[in-house]
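Structural overview for review
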Amino acid sequence: MDCLGTSLLHPPFREINFSVIGQYVDYLVKEQGVKNIFVNGTTGEGLSLSISERRRVAEEWVTKGRNKLDQVVIHVGALSLKESQELAQHAAEIGADGIAVIAPFFLKPWNKDVLINFLKEVAAAAPALPFYYYHIPALTGVKIRAEEVLDGIQEKIPTFQGLKFSDTDLLDFGQCVDQNRQRQFAFLFGVDEQLLSALVMGATGAVGSTYNYLGKKTNQMLEAFERKDFSSALNHQFCIQRFINFVVKLGFGVSQTKAIMTLVSGIPMGPPRLPLQKASREFTDNAEAKLRSLDFLSFNDLKDGNLEACS
Ligand SMILES: CC(=O)N[C@H](C=O)[C@@H](O)[C@H](O)[C@H](O)CO
Ligand SMILES: CC(=O)C(=O)O
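As the structure is a prediction and not an experimental result, all values here were calculated from the model. Position numbers for residues start from 1 in each chain and track the written sequence from start to end. Key to labels: chains lettered from A, ligands numbered from 1, both in the order written. A pLDDT threshold of at least 70 governs which residues receive local features in this predicted model, and a stricter bar of 80 or more applies before side-chain atom pairs are shown or counted, although totals over entire chains, interfaces and linings include all residues. Computation of side-chain values covers all heavy atoms of the structure but excludes hydrogens and water.

1. Points about the overall build of the chain
Rules: The numbering of helices and of strands both runs from the N terminus, where a helix is a DSSP run of H or I of at least 4 residues and a strand a run of E of at least 2. Only the C-alpha atoms count toward the radius of gyration. The rule for a globule is 2.2 Å times the residue count to the power 0.38. Burial status follows relative accessibility: with a 1.4 Å probe on protein chains alone, a residue under 20% of its type maximum counts as buried, one over 50% as exposed, and anything between as partly exposed. Note on contacts: a residue pair is in contact if any heavy atoms of the two residues lie within 4.5 Å. Note on areas: these come from Shrake-Rupley sampling with a 1.4 Å probe, and a residue is covered only by the protein chains present in the view.
A tally of helices and strands in the chain yields 13 helices and 8 strands. For 311 residues, the compact-globule estimate of 2.2 N^0.38 gives 19 Å, and the chain sits close to it at 19 Å. Across its three principal axes, the chain shows a C-alpha extent of roughly 60 × 45 × 35 Å. Classification of the 311 residues of the chain by burial places 55% in the buried group. The long-range share in the chain, meaning contacts at least 24 apart out of those at least 6 apart in sequence, stands at 72%. Working note: accessible area of the chain is about 14,000 Å², and carbon and sulfur atoms make up 51% of it.

This is the structure we're talking about:
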């Protein structure tokens, strides 16, 4: 099984600071062991960028990632089918490795067939690119089960390659895997604190915001799972959960992810865009203290007598 952490883009500053993307690529590859990137998704505030910004961000990741990254998948979902198609075509032109699309979330598809028709029109604009459906019902409000969407999807969308599943419904996720065993689909799980459970259900990879700075830790969990050392895999997952549980209680989202990533990587991710608000200083200080006590920051100044540290 090919289980890889995939990381997201943070557009640095309100005006996108394209100049740090090269450094960002090197950081993910060298420090986190992350070689697959999902661009312009939730964490990258893809839906808060203009179309021309989305094109430039995609270009920059593809260019800077050349010969360094394995796969760069571009999220091209939009409310306007036409814009989505333009972005899909653009992704193909610049040599991206795949495209992903969320369900349109303002005027919504109310049944599976309508959703598939929308996705199909986008996929057709990039007929040579692997296509992923990005299932994130809590944010899109489109609650059509992924299992239903996948039923017969290959006949409608020949380039269908896989599912990015960002939901906690493991019955739905498990059935997506179970009902498509004969097909070589990728099942990418998007709830970082539950990844181990999804691996048991047959996830083939992971996409998540925390892999920006917990990529190395998560890779250790994936390696333990691969060698069937489940008790060690569980220790790693619990360790990751301790951190996520802590920050969730403080209020955790895209803004907070940027603040944490800036802190851990030293690369300035900048503030988020409205309607998001910058993480508070209090949040960042608390998150930093937690990262240190769990040994997730490289300066090991708390090692002695630190009962919480994760090995
Ligand atoms: C809604 C959201 O942003 N989900 C992210 C990716 O799909 C996850 O990576 C979460 O940030 C992570 O699992 C923490 O809850
Ligand atoms: C976290 C994630 O999967 C995204 O940014 O789309």
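2. Observations regarding the site of ligand 1
Note the threshold: Whether a residue is near a molecule or strand depends on its heavy atoms: it is near if one of them lies within 4 Å of it. Definition of a polar contact: a pair of N or O atoms within 3.5 Å, with one able to donate and the other able to accept a hydrogen when the atoms are protein atoms, and with sequence-neighbouring residues admitted only if both atoms are side-chain atoms. Under the convention adopted here, Pro, Cys and the residues Ala, Val, Leu, Ile, Met, Phe, Trp and Tyr are nonpolar, Asp, Glu, Lys and Arg are charged, and Gly plus all remaining residues are polar.
Ligand 1 sits among Thr-42, Lys-164, Ser-166, Gly-190, Val-191, Asp-192, Glu-193, Gly-208, Ser-209 and Phe-252. Within the contact set of ligand 1, an oxygen atom lies 3.2 Å away from a backbone nitrogen or oxygen of Gly-190. Within the backbone of Asp-192, one N or O atom sits 2.9 Å away from an oxygen atom of ligand 1. For ligand 1, the protein covers 78% of the area, taking 390 Å² as the surface of the free molecule. Its residues assigned to classes, the shell around ligand 1 comprises 2 nonpolar, 5 polar and 3 charged.

3. Describing the packing of aromatic side chains
Our working definition: The rule is short: rings of Phe, Tyr and Trp, with Trp giving its six-membered ring, pair when the centres are within 6.5 Å, and they are stacked under 30 degrees, edge-to-face over 60, tilted in between.
Taken as a whole and assessed by the stated rule, the structure comprises 11 aromatic pairs. Centroid distance Phe-160 to Phe-185: 4.9 Å. Interplanar angle 80°. Geometry classified as edge-to-face. Of the two residues, Phe-160 is situated in strand 6 (residues 160–165) and Phe-185 in the loop between helix 8 (170–178) and strand 7 (186–189); the sequence distance between them amounts to 25 residues. As far as burial versus exposure is concerned, Phe-160 and Phe-185 are alike and both buried.

4. A short note on the pairing of strand 3 (residues 71–75)
This is how the line gets drawn: Strands qualify as paired when DSSP identifies two bridges or more between them. Seen with its strands pointing away from the viewer, a crossover is right-handed when the path leading from the first strand over the helix to the second is clockwise.
Where burial is concerned, most of strand 3 is hidden: 4 out of the 5 residues are buried. Both strand 2 (residues 36–39) and strand 3 contribute to a ladder of 4 bridges, which runs parallel. Among the inter-strand pairings, Phe-38 is bridged to a residue of strand 3, identified as Val-73. Once you follow strand 2 into helix 2 (residues 51–65) and on to strand 3, the crossover reads as right-handed. Taken together, the 3 bridges between strand 3 and strand 4 (residues 98–101) define a ladder with parallel strand orientation. Residue pairing for strand 4: Ile-74 is matched across the bridge by Ile-99. In this fold, the crossover linking strand 3 to strand 4 by way of helix 3 (residues 81–94) has right-handed handedness.

5. Looking at a nonpolar patch on the surface
Stated precisely, the cut-off is as follows: Patch membership requires over 30% relative accessible area and the absence of a salt bridge. Like charges are linked within 9 Å, and nonpolar side chains (Val, Leu, Ile, Met, Phe, Trp, Tyr) within 5 Å. What makes a salt bridge here is a side-chain nitrogen of Lys or Arg within 4 Å of a carboxyl oxygen of Asp or Glu, nothing more.
A contiguous nonpolar patch, built from Leu-79, Phe-106 and Leu-107 and spanning about 380 Å² of accessible area, is present on the exposed surface. When you line up the elements, Leu-107 lands in the loop between strand 4 and helix 4 (112–124). Owing to a relative accessible area of 71%, Leu-107 belongs among the exposed residues under this scheme.

6. A look at the UniProt feature "binding site: pyruvate" (unreviewed entry) in the chain
In plain terms, the rule: UniProt positions are given in the numbering used here, feature names are shortened, and annotations may be inferred rather than shown by experiment.
The sites that carry the UniProt feature "binding site: pyruvate" (unreviewed entry) are, in the present numbering, Thr-43 and Val-207. Across 165 residues of sequence, these annotated residues stay compact in space, with a maximum C-alpha separation of 10.6 Å. Mapping Thr-43 onto the fold places it in the loop between strand 2 and helix 2. Residue Thr-43 is classed as buried on the basis of its relative accessible area of 8%. For Val-207, the position within the fold is in strand 8 (residues 205–207).

7. Digging into the side chain of Gln-237
Note on placement: Gln-237 falls in helix 11 (residues 230–250). Residue class for Gln-237 comes out buried when judged on its relative accessible area of 3%. A distance of 3.4 Å separates a polar atom in the side chain of Gln-237 from the backbone oxygen of Asp-192. Leave out the neighbours within four places in its chain, and Gln-237 touches Asp-192, Glu-193, Gln-194, Leu-195, Leu-196 and Met-221.

8. Some details on the confidence of the model for the chain
For clarity, the cut-off: Confidence scores per residue from the predictor, reported as pLDDT, run from 0 to 100.
On average, residues of the chain score 94 in pLDDT, and 92% of them reach the 70 mark or higher. For this predicted complex, the interface confidence reaches an ipTM of 0.96, while the overall pTM sits at 0.94.

9. A few points about the packing of helix 10 (residues 211–226) against helix 11
Worth spelling out the cut-off: Lines are fitted to the C-alpha atoms to define the axes, a helix being fitted only along its stretch in contact, and any angle between axes, read from their N-to-C directions, falls within 0 to 180 degrees. Angles are sorted into four bins: roughly parallel if under 35 degrees, roughly antiparallel if over 145, roughly perpendicular if 65 to 115, and oblique for all others. Should the near helix be turned anticlockwise from the far one by less than a right angle, the crossing is left-handed, and should it be turned clockwise, the crossing is right-handed.
Helix 11 packs onto helix 10 with a crossing angle of 155° between their chain directions and a minimal axis gap of 7 Å. When the axis of helix 10 is compared with that of helix 11, the two are roughly antiparallel. Crossing handedness for the pair helix 10 and helix 11: left-handed. Where helix 10 abuts helix 11, its residues Tyr-213, Leu-214, Lys-217, Thr-218, Gln-220, Met-221, Ala-224 and Phe-225 lie against Phe-230, Ser-232, Ala-233, His-236, Gln-237, Cys-239, Ile-240 and Phe-243. Tallied by class, residues from the contact of helix 10 with helix 11 come to 10 nonpolar, 5 polar and 1 charged.

10. A closer look at the environment of Leu-234
For Leu-234, the position within the fold is in helix 11. Linking Leu-234 and Ser-52, residues 182 residues apart in sequence, is a C-alpha distance of 43 Å.

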